[in-house]
2 protein chains.
Amino acid sequence: VAIGIDLGATNIKVALVDERGRVVRKAVRECTPTRGPDRVIADMAEACRCLLTDGGLSIDCVVGAGLGSPGPINLRKGMIIRSANLPGWQNVPIRDRLRSDLGLHVELDNDANAAAYGEYWAGSGYKESGGGGNLVLLTLGTGVGGGVVLGGQLLHGHFDNAAELGHLIVVADGLLCPCGQRGCLEQYASASAVARRTVEALSGGAGGGLAERVRLGSEITSMDVARAAAEGDELCGRIWREACLYLAIACVNIQHAYNPARIVLGGGLSEAGDALLSPVRDAFRRQTWSLMDDAPAIVLASLGYDAGVIGAAGLAWKAANQQ
Amino acid sequence: VAIGIDLGATNIKVALVDERGRVVRKAVRECTPTRGPDRVIADMAEACRCLLTDGGLSIDCVVGAGLGSPGPINLRKGMIIRSANLPGWQNVPIRDRLRSDLGLHVELDNDANAAAYGEYWAGSGYKESGGGGNLVLLTLGTGVGGGVVLGGQLLHGHFDNAAELGHLIVVADGLLCPCGQRGCLEQYASASAVARRTVEALSGGAGGGLAERVRLGSEITSMDVARAAAEGDELCGRIWREACLYLAIACVNIQHAYNPARIVLGGGLSEAGDALLSPVRDAFRRQTWSLMDDAPAIVLASLGYDAGVIGAAGLAWKAANQQ
């Protein structure tokens, strides 16, 4: 088996994954990044050892480990440069620390890239689809993350920062993003953005079925918006359609940029299922060109919250097989 | 030497290129695509043989040939599928025809890709810049073409149709493009679009220094617009600034998609030189994020009209060196 680790702001997920991408055993631990990298790295290693012990496996059965981490990351140095989700962490040489703690070869990549590799390597029906090695993942969660597999390899670019697809500009001079840009995809099509835009509109006096809940101060999620939109709520319908439209425009741009066989939609927003997929596909067909028949298949992620650990383990398998 | 061939709608360019990307000898022939593929392919081969004879070289001195062609192209089959610029050509197996006519190994790619490979392989200062193998070319001519080199390899994607960067959507619901999309980059930032938009505005009754020329029916080029904009003409200034703004937004999206070290601007519009480069760089700095310091260098193409033949020859050298 290979060990896959998915480091998040609130959880550390670990899994043992076999050569075909199947999860043999998995576990989740709380993560408290404020305790500092040393403690978190020790927790990660401990979680891996427990998983092996519980499975009755020794470390000799493990080909290596992979870690998906929030970023940005310096791949050559194996470092987390910093992260909005890991406050206080700066230039943490996490790959080498984990390597010496575990006594295993460790592959490091950012979380969205690891998940993209998971969907490519073990995602439902992908290998069978004849799609070759070209797949793009959009994770629609707190932000919008991106991962790009080309010819079976993750794309990193010159600054290790390729596939930051949440920051594709889809509206010139649009909504301000904390990144400093205006009109980023993630200001329209992340789960958080859909919820936030609804709350803002309702707080601004707009009517709608969720108005009462907002007035009482209860939290609204993107799923609430999706549900209200499906029930005919006008405001929620408008915000949902706009999210789908800008996702579709981003998919057209991804089509022309990378020409992938498949675009996979994951993260919180994708839990809406067909209520997301159908309007995105419709808008994509309306927005894309008629010149060539090179439209990617747009599908929902199939690995759910396991995509990160599976993909991280997949990177470990890849490294082991190349040795 | 390697032979580089650049097939265009009006010209066939051929060149002998040495291993370091220098043009040893070159020639241009008229191309009349309406005479059909057979005649044009025979002309191409004949032009190559003449070039060798004139240079006192035998075919044994040639490592191979590369051909940059209008597309779309089927790379596996070595075919031109069709082309707006080569009316009537359909599924032309140009690679194998040329191979048997010349008796040489032939590499085929589309024209923008070949030019991008040229700028990467032999462009001014690129290798020395430490940029590694990551470069994106935008050719701003009749349309906007794109070519992407990642890790020293041209990006093709699953359908051989990656890097169609002229069809990135930069304005949702924007100007209609013949490709069927709305708001494509090439509707704002190709040399033709800049000229056409100016003529349309002037024909619509707008004033400005070029109005008289349009009224008299003389042709307006993007260089005329650039010049008038520089001289303070309001209408031309607005159209020029808009071209630069949308180019900058495309550059931001290219930054986040591929994370290249360098974005190269070529084609007719780039002949404006600093009048293009400065406002594009300024707008890029205003539009891009402040989160990371991963901005690509934006520069003018350095190989001019030779980029295509040099790049095509570079692909032939690459193939020869891999054997």
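So, a few notes on the structure that sits alongside this text. (Residues numbered from 1 in each chain as written. Chains lettered and ligands numbered in written order. Predicted model: local features only at pLDDT ≥ 70, side-chain atom pairs only at ≥ 80, totals over all residues. Heavy atoms only, no water.)

A few points about the pairing of strand β7 (residues 106-110) of chain A
Residues and elements named next belong to chain A. Put simply, the rule is: Throughout this description, buried means an accessible area under 20% of the type-specific maximum (1.4 Å probe, protein chains only), exposed means over 50%, and partly exposed covers the range between. The helix and strand labels rest on DSSP assignments: H or I over at least four residues marks a helix, E over at least two residues marks a strand, and numbering proceeds from the N terminus. In short, DSSP must find at least two bridges between two strands for them to pair.
Among the 5 residues of β7, 4 are classified as buried, and the element is accordingly described as predominantly covered. Where strand β4 (residues 65-69) meets β7, 5 bridges bridge the pair, whose relative direction is parallel. From the neighbouring strand, A65 faces β7, where its bridge partner is V106.

Examining the relation of the copies chain A and chain B
We count it as follows: All copies are superposed by least squares; the fitting set is the C-alpha atoms of residues with a pLDDT of at least 70 in both.
When chain A is brought onto chain B, the operation consists of a screw motion whose angular component is 180° and whose axial shift is 0.0 Å, with 0.0 Å RMSD remaining. The superposition of one copy onto the other is thereby described by a two-fold rotation axis.

Focus: the pattern of salt bridges
To be explicit about the condition: One speaks of a salt bridge when a side-chain nitrogen belonging to Lys or Arg is within 4 Å of a carboxyl oxygen belonging to Asp or Glu.
Taken as a whole and assessed by the stated rule, the structure comprises 30 salt bridges over all chains. A salt bridge links K26 of chain B to D306 of chain B; the shortest N-O distance between them is 2.8 Å. A residue pair is termed long-range when its members are at least 10 positions apart, and K26 of chain B in strand β3 (residues 23-30) and D306 of chain B in the loop between β12 (297-300) and α10 (307-322) qualify at 280 residues. The exposure class of K26 of chain B is partly exposed, given its relative accessible area of 48%. Residue D282 of chain B is joined to R285 of chain B by a salt bridge in which the shortest nitrogen-to-oxygen separation is 2.8 Å. Of this pair, D282 of chain B and R285 of chain B both sit in helix α9 (residues 274-287), 3 residues apart, which is roughly one turn of that helix. Residue D282 of chain B is classed as partly exposed on the basis of its relative accessible area of 36%. What you see here is one network of salt bridges that share partners, running through E46, R49 and D101 of chain A.

Re the sheet that holds strand β1 (residues 2-7) of chain A
Residues and elements named next belong to chain A. Let me state the cut-off plainly: To obtain each axis, a line is fitted to C-alpha atoms, and for helices this fit is confined to the stretch in contact; angles are then taken between N-to-C directions over 0 to 180 degrees. In this analysis, two residues are considered to be in contact whenever any of their non-hydrogen atoms come within 4.5 Å of each other.
Strand order across the open sheet formed by 5 strands is β3-β2-β1-β4-β7, with mixed pairing between neighbours. With one partner strand each, in any of the chains shown, β3 (23-30) and β7 form the two edges of the open sheet. Recorded for the sheet is a direction-independent mean angle of 15° between the axes of neighbouring strands. Strand direction decides the pairing type here: β1 and β4, joined by 4 bridges, are parallel. Pairing of I5 across the sheet is with L67, part of β4. Lying on the sheet, helix α1 (residues 37-54) is in contact with β1, β2 (11-17), β3 and β4; it crosses β2 at an angle near 35°.

Considering the side chain of D224 of chain A
Residue and element names in this part refer to chain A. In plain terms, the rule: In protein, a polar contact requires one atom able to donate a hydrogen and another able to accept it; more generally it is a pair of N or O atoms within 3.5 Å, and residues adjacent in sequence count only if both atoms are side-chain atoms.
Within the element layout of this structure, D224 appears in helix α7 (residues 222-230). A distance of 3.3 Å separates the side chain of D224 from the side chain of R227, its partner in a polar contact. Among all residues touching D224, those that are not within four sequence positions of it are L210, R213 and E219.

Details of the interface of chain A and chain B
Definition in use: A simple way to read buried area is as the amount of 1.4 Å-probe accessible surface that goes missing from two parts once joined, with both sides added. Under the scheme applied, nonpolar residues are Ala, Val, Leu, Ile, Met, Phe, Trp, Tyr, Cys and Pro; charged residues are Asp, Glu, Lys and Arg; polar residues are all the others, including Gly.
Taken together, the 44 residues of chain A in the interface contact 44 residues of chain B. Across the interface of chain A and chain B, roughly 3600 Å² is buried in total on both sides, 57% from carbon and sulfur atoms. Among the residues of chain A in contact with chain B, H158, F159 and I169 of chain A are the three that bury the most area, contributing 16% of the side total. Our count for the chain A to chain B interface comes out at 0 salt bridges. Viewed at the interface, chain B and chain A are joined by 26 residue pairs in polar contact (both at pLDDT 80 or more). Among the elements that make up the side of chain A that touches chain B, the one with the highest residue count is helix α8 (residues 234-258) of chain A (7 residues). Class assignment for the residues of the side of chain A that touches chain B results in 22 nonpolar, 17 polar and 5 charged.

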